[in-house]
Amino acid sequence: MDKQALIEEAKKIRENAYVPYSKFPVGAALLTKSGKVYYGCNIENAAYPVSLCAERVAIFKAISDGEYEFDQLAVVADTERPVPPCGSCRQVMSEFFTKDLMIHTSNLRHDTKSVTMEELLPFSFSQDDLESSQK
Ligand SMILES: O=c1ccn([C@H]2C[C@H](O)[C@@H](CO)O2)c(=O)[nH]1
Ligand SMILES: [Zn+2]
């Protein structure tokens, strides 16, 4: 599956978003190295901060299936510019994605900005930092 097809998948799953509060549906499609696609949409809650973004739903679904090898991620929302993932999602991505993994952010007009994990979250806190203090 190529980048454009993955963006289309993200656009489709966006329709399942549960967004009564923000009315801002987002879709994410995560391709594994084995060729499987994990889908995520944002799911909100009356207790606003409990809501989860589309990206994290897709990643957590994959991890809970025992999938850890990822190829690329697409994220789509109806924004003016390609939708930028939030900081919390960037941190979760950095836990599981290699620095060169491509993240394609897009809007409904298919304006797309593709960045690497390293570009999306440089100088990220990681397991290495924890380990370096556990001597
Ligand atoms: O990249 C993003 C940005 C925002 N949201 C969600 C969180 C919330 O449900 C709504 C408005 O912030 O959009 C995502 O799912 N992904
Ligand atoms: Zn997020």
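Throughout this description, residue numbers start from 1 for each chain and increase along the sequence as written. Just so you know, chain letters begin at A and ligand numbers begin at 1, following the order they were written in. pLDDT decides what is reported in this predicted model: residues at 70 or higher carry local features, side-chain atom pairs at 80 or more are listed and counted, and totals for whole chains, interfaces and linings draw on all residues regardless. Note that the side-chain values use all heavy atoms of the structure and ignore hydrogens as well as water.

Enquirer: When you look at the sheet that holds strand 1 (residues 26–32) in this model, what are you seeing that I'm missing?
Expert: Only strands joined by at least two bridges in the DSSP assignment are considered to pair. Strands are runs of DSSP state E lasting at least 2 residues, helices are runs of H or I lasting at least 4, and numbering of each runs from the N terminus. The sheet built from five strands is open, its strands ordered 2-1-3-4-5 with mixed pairing. Of all strands in the sheet, those bounded by a partner on one side alone are strand 2 (37–41) and strand 5 (112–116). Shown here is a sheet whose adjacent strand axes are inclined to one another by a mean of 15 degrees, direction ignored. In this sheet, strand 4 (residues 102–106) lies alongside strand 3 (residues 70–77) in parallel orientation, the contact comprising five bridges. Bridge pairing in strand 4 links Val 75 to Thr 105. For this analysis, residues touch if any pair of their heavy atoms sits within 4.5 Å. For every element, the axis is a line fit to its C-alpha atoms; helices are fit only across the contacting stretch, and the angle between N-to-C directions ranges from 0 to 180 degrees. Each of strand 1, strand 2, strand 3, strand 4 and strand 5 touches helix 1 (residues 3–13); the most contacted strand, strand 3, lies at about 50 degrees to it. Those strands touched by helix 2 (residues 54–64) are strand 1, strand 2 and strand 3, and its axis lies near 140 degrees from that of strand 2.

Enquirer: What should I look at first to understand the pairing of strand 3 in this one?
Expert: Looking along a regular strand, one sees side chains alternate from face to face of the sheet. Relative accessibility thresholds used throughout: buried, under 20% of the residue-type maximum; exposed, over 50%; partly exposed, between the two (1.4 Å probe, protein chains only). With seven of eight residues buried, strand 3 lies mostly within the body of the structure. Two elements, strand 1 and strand 3, share seven bridges in a ladder whose sense is antiparallel. By the bridge assignment for strand 3, Ala 28 is matched with Val 75.

Enquirer: Help me understand the coordination of the zinc ion (ligand 2) in this model?
Expert: Each angle at a metal carrying four tetrahedral donors should ideally be 109.5 degrees, and each at a metal carrying six octahedral donors should ideally be 90 or 180 degrees. Every protein donor of the zinc ion (ligand 2) is listed here as Cys 53 (SG), Cys 86 (SG) and Cys 89 (SG), and their distances to the metal cover 2.2 to 2.4 Å. Motif for the zinc ion (ligand 2), donor spacing along one chain: C-x32-C-x2-C. You can see Cys 53 sitting in the loop between strand 2 and helix 2 and its partner Cys 86 sitting in the loop between strand 3 and helix 3 (87–96), a full 33 residues away along the chain. Here the coordinating atoms are restricted to nitrogen, oxygen and sulfur within 2.8 Å of the metal centre, or 3.2 Å for Na, K and Ca, and because water is not among them the sites may look incomplete.

Enquirer: Just to check I follow, could you spell out the UniProt feature "active site" (unreviewed entry) in the chain for this structure?
Expert: According to UniProt, the feature "active site" (unreviewed entry) maps to Glu 55 in the numbering used here. Its location among the elements puts Glu 55 in helix 2. Glu 55 has contacts with Val 26, Ala 28, Leu 73, Val 75, Pro 85, Cys 89 and Met 93, leaving out every residue within four places of it along the chain. UniProt positions are given in the numbering used here, feature names are shortened, and annotations may be inferred rather than shown by experiment.

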